[in-house]
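# Commentary on secondary and tertiary structure
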Amino acid sequence: MDRLNFAGWSPIRIHEEPGGEPQVDWMRAPPEVTRRPFFADGVQDAMQHPFHQAFRRQTPLEDLIAWAKASPGLPPSGIVFHVSRCGSTLVSQAFAALEDHVVLSEPPPLDDLLRAERRLPSLAPGRAIEAARAFASAWAQPASPAHGTPPRHLVIKCDCWSTAHAARIAEAWPDTPWLFLYRDPVEVLVSQMQQRAAYLIPGGPLGVDPAGIPFDDALRMGPEAYCARSLGAIYEAMLREFRPGRTLLLHYRQLPAAIADTIAPHFGMQPDASARERMRAACGMHAKNPAQPFEPDAERKRREAPQRLHALAQQWIAPHYDALERLRAAQDGLPRAAGERPGARAPGATPP
């Protein structure tokens, strides 16, 4: 234990060779890594610099776990679950705009640990949970003034399929509040068909299959039906894992105002006027491409959606979406119009 000193180092990859023990790659990560819309992009950008190529460490996973015990970091203030293309990156970028917040946005090492049976098969499930805590802890270490602003809050945004592993996340961080963020399924389907994510490609490199559809069946049904069924499974997991008291259920239409007014208090944060201004500025830009201004597209997506997508959304996603809307209405004390279907606007809601 005494020999361990990872001050200034951050874990960026957890992997194992065939027949070997899990290993951790470390780098002296600059703060910009956790400011990017996605963790993997921040790491890749940093690795373009010769310094980070030259100064790296690799250790057994046990050293990461031991370091968390020797130098515990902040526990997460909040964990963001989402159904994809629903504003989750906007939420994470708003918090990333605050210097004393660390945001881990869909970090691949966490996903590998949550799906250790497939990604790290030599790792026992209980050890994987402990390693997940240690990974997050290493990124939220107390910082000296020489290394930047000491962090006050850690926010983790999970991959959209991670809701199915919510029980494991609860085991890792039993006291951390959750945000469940979702959107009209037609809008999500249109977005995915315009630029499909890798996890919605059958047999894709991530090894994700939310609906458990056999490969041959996925090919026969075509991309639209496969996307609808896979997204339906993600909505269903959100409905199944909703836990009153712990979970804040939020619709895309409530963004961006809800970030500072609702999400931050739920996560135990009290942003002051300066912090709110920085968060507002971040919300004015396109979340996935901060160099471009944000332009609302919900109405256009619904208008342009072909009838087949409407039918698939109705068949595979709408029942779960409607149930989430009922839960949210009860949570917010809002009336819900009888027969309101996906695409209908909630009373008083305006698009971001």
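Residues numbered from 1 in each chain as written. Predicted model: local features only at pLDDT ≥ 70, side-chain atom pairs only at ≥ 80, totals over all residues. Heavy atoms only, no water.

## Some thoughts on the overall build of the chain
- The helix and strand inventory of the chain stands at 15 helices and eight strands.
- Put simply, 77% of the contacts in the chain that link residues at least 6 apart link residues at least 24 apart.
- For the chain, the exposed surface amounts to about 15,700 Å²; the carbon and sulfur share of it is 53%. (Helix = DSSP H or I, 4+ residues; strand = E, 2+ residues; numbered from the N terminus. Contact = heavy atoms within 4.5 Å. Areas by Shrake-Rupley, 256 points an atom, 1.4 Å probe, with all protein chains shown as cover.)

## Observations concerning the pairing of strand β4 (residues 78-82)
- For β4, the tally of buried residues reaches five of five residues, placing the bulk of the element in the interior.
- Alternating residues of β4 divide into Gly78, Val80 and His82 and Ile79 and Phe81, and every residue in both groups is buried.
- Two strands pair when backbone bridges link them, and β4 and strand β6 (residues 153-157) are joined in this way by three bridges, in the parallel orientation. Each bridged residue has a counterpart across the sheet, and for Ile79 the counterpart in β6 is Ile156.
- Of the pairings in the sheet, the one linking β4 to strand β7 (residues 178-182) comprises four bridges and is parallel in character. If you follow His82 over to β7, its bridge partner there is Leu181. (Buried < 20%, exposed > 50% of the residue type's maximum accessible area, 1.4 Å probe, protein only. Pairing = 2+ DSSP bridges.)

## Focus: the sheet that holds β7
- On the basis of which strands lie adjacent, the open sheet formed by five strands has the order β5-β6-β4-β7-β8 and parallel pairing. Of all the strands in the sheet, just β5 (101-105) and β8 (247-251) have a single pairing partner and so form its edges. Between one strand axis and the next, the sheet turns through 20 degrees on average, direction left out of account.
- This element, helix α11 (residues 257-266), spans β7 and β8 of the sheet and lies at about 165 degrees to β8. (Axes fitted to C-alpha atoms, helices over the stretch in contact; angles between N-to-C directions.)

## Quick word on the pattern of salt bridges
- Under the definition given, this model contains 24 salt bridges.
- Its salt-bridge partner being Asp25, residue Arg56 comes within 3.7 Å of it at the nearest N-O pair. Highlighted residues: Arg56 in strand β3 (residues 56-60) and Asp25 in strand β2 (residues 23-27), separated in sequence by 31 residues.
- Of the residues examined, Arg56 reaches a relative accessible area of 38% and is grouped as partly exposed.
- Taking relative accessible area as the criterion, Asp25 reaches 4% and is therefore assigned buried.
- With its nearest N and O atoms 2.7 Å apart, the salt bridge here joins Arg308 to Glu224. Here the residue Arg308 occupies a position in helix α14 (residues 307-316), and Glu224 occupies one in helix α10 (residues 215-241), the gap between them amounting to 84 residues.
- On the basis of relative accessibility, which here comes to 43%, the residue Arg308 falls in the partly exposed class.
- Counted as one network, the salt bridges with shared partners bring together Glu62, Lys69, Arg127 and Glu130. (Salt bridge = Lys/Arg side-chain N within 4 Å of Asp/Glu carboxyl O.)

## Digging into the packing of α10 against α14
- Interaxial distance between α10 and α14 falls to 9 Å at its minimum, and their mutual angle equals 35 degrees. In terms of crossing hand, the pair formed by α10 and α14 is right-handed. Along the contact surface, α10 presents Met221, Glu224, Ala225, Ala228, Arg229 and Gly232, while α14 presents Arg308, Leu309, Leu312 and Trp316.
- Looking at the contact of α10 with α14 residue by residue, the classes come out as six nonpolar, one polar and three charged. (Left-handed = near helix turned anticlockwise from the far one by under 90°. Nonpolar A, V, L, I, M, F, W, Y, C, P; charged D, E, K, R; others polar.)

## Thoughts on the side chain of Ser105
- Take Ser105: it is sitting in strand β5.
- A relative accessible area of 1% means that Ser105 is categorised as buried.
- In this structure the side chain of Ser105 is engaged in a polar contact, spanning 2.7 Å, whose partner is the backbone oxygen of Pro37.
- Dropping the residues within four chain positions of it, Ser105 is found in contact with Pro37, Phe38, Phe39, Ser92 and Lys157. (Polar contact = N/O pair within 3.5 Å; in protein donor to acceptor, adjacent residues only side chain to side chain.)

## Some thoughts on the sheet that holds β3
- In space, the three strands of this open sheet follow the order β1-β2-β3, with antiparallel pairing throughout. Of all the strands in the sheet, the pair left with one neighbour each is β1 (10-15) and β3. On average, adjacent strands in this sheet sit at an angle of 25 degrees to one another, irrespective of strand direction.
- On the sheet, helix α3 (residues 61-70) packs against β1, β2 and β3 and is oriented at approximately 95 degrees with respect to β3.

## Observations regarding the packing of α10 against helix α15 (residues 318-332)
- With their axes 9 Å apart at the nearest point, α10 and α15 run at an angle of 30 degrees to one another. With respect to α15, the element α10 is oriented roughly parallel. Once α10 is placed against α15, the crossing between them reads as left-handed. For the pair α10 and α15, the contacting residues are Gly232, Tyr235, Glu236, Met238 and Leu239 in the first and His320, Tyr321, Ala323, Leu324 and Leu327 in the second.
- A breakdown of the residues in the contact of α10 with α15 according to their chemical character gives seven nonpolar, two polar and one charged. (Parallel < 35°, antiparallel > 145°, perpendicular 65-115°, else oblique.)

In short, shape yes, function no, at least from these values alone.
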